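A closer look at the structure
Each chain, written out:
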Amino acid sequence: MAKLEYAYPITAVHGVLDRKSKFGAAKRVARNQEGESKPFSVRYGVRLSQLTDAERAARVQFAAVAAAVKARKMDPVKSRTDAEAFKNQSTYHTMQAYLWHVCAEEYKASLEE
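Owing to the predicted nature of the structure, the values given are computational and were not obtained by experimental measurement.

Attention now goes to the side chain of Arg72. As for its position among the elements, Arg72 is in helix H1 (residues 53-74). With relative accessibility at 11%, the residue Arg72 sits in the buried group. The residues touching Arg72, leaving out its near neighbours within four places in the chain, are Lys78, Ser79, Asp82, Leu99, Val102, Cys103 and Glu106.

Turning next to the packing of helix H2 (residues 76-87) against helix H3 (residues 95-112). Contact pair H2 / H3: the axes reach a minimum separation of 11 Å and the direction vectors enclose 105 degrees. In this view, H2 runs roughly perpendicular relative to H3, as classed from their interaxial angle. Residues Ser79, Asp82, Ala83, Ala85 and Phe86 of H2 touch H3, and the partners they reach there are Met95, Tyr98 and Leu99. Class assignment of the residues belonging to the contact of H2 with H3 gives a composition of six nonpolar, one polar and one charged.

It is worth spelling out the environment of Tyr98 at this point. Position of Tyr98 among the secondary structure elements: in helix H3. Ignoring any residue separated from it by four or fewer positions in sequence, one finds Tyr98 in contact with Asp82, Ala85, Phe86, Gln89 and Tyr92.

Quick look at the packing of aromatic side chains now. Summed over all chains, the structure comprises three aromatic pairs. Taken together, a centroid distance of 5.2 Å and an interplanar angle of 35 degrees make the contact between Phe62 and Trp100 tilted. One end of the pair, Phe62, is in helix H1; the other, Trp100, is in helix H3, with 38 residues separating them in the sequence. On the basis of relative accessibility, which here comes to 26%, the residue Trp100 falls in the partly exposed class. Centroid distance Phe86 to Tyr98: 5.9 Å. Interplanar angle 55 degrees. Geometry classified as tilted.

Thresholds applied
Residues numbered from 1 in each chain as written. Predicted model: local features only at pLDDT ≥ 70, side-chain atom pairs only at ≥ 80, totals over all residues. Heavy atoms only, no water. Helix = DSSP H or I, 4+ residues; strand = E, 2+ residues; numbered from the N terminus. Buried < 20%, exposed > 50% of the residue type's maximum accessible area, 1.4 Å probe, protein only. Contact = heavy atoms within 4.5 Å. Axes fitted to C-alpha atoms, helices over the stretch in contact; angles between N-to-C directions. Parallel < 35°, antiparallel > 145°, perpendicular 65-115°, else oblique. Nonpolar A, V, L, I, M, F, W, Y, C, P; charged D, E, K, R; others polar. Phe/Tyr/Trp six-rings, centres within 6.5 Å; stacked < 30°, edge-to-face > 60°.

See the structure below:
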């Protein structure tokens, strides 16, 4: 990842620089531990490095949890019980976030068995 330093009068660059460019820049929404929202660069296009095992596992987990959330939303019995459980909790602000949490916990429990 490149470090971006802006020269006066440019203070920020966002998005792709031109139509043919594979380089883009943005500023992180989330702040780091020091409270800074640092700019970063992105190279669009074909990935040059191989996927790591951790990245593969994260992709598999994401796909499995997404499928479980979709199936859970379609099940009328579970959707009723999930709605009641969602009302009784205060951690998650949306039903979608709550279901992702529940399904992720179920996925992790299934891996431990």
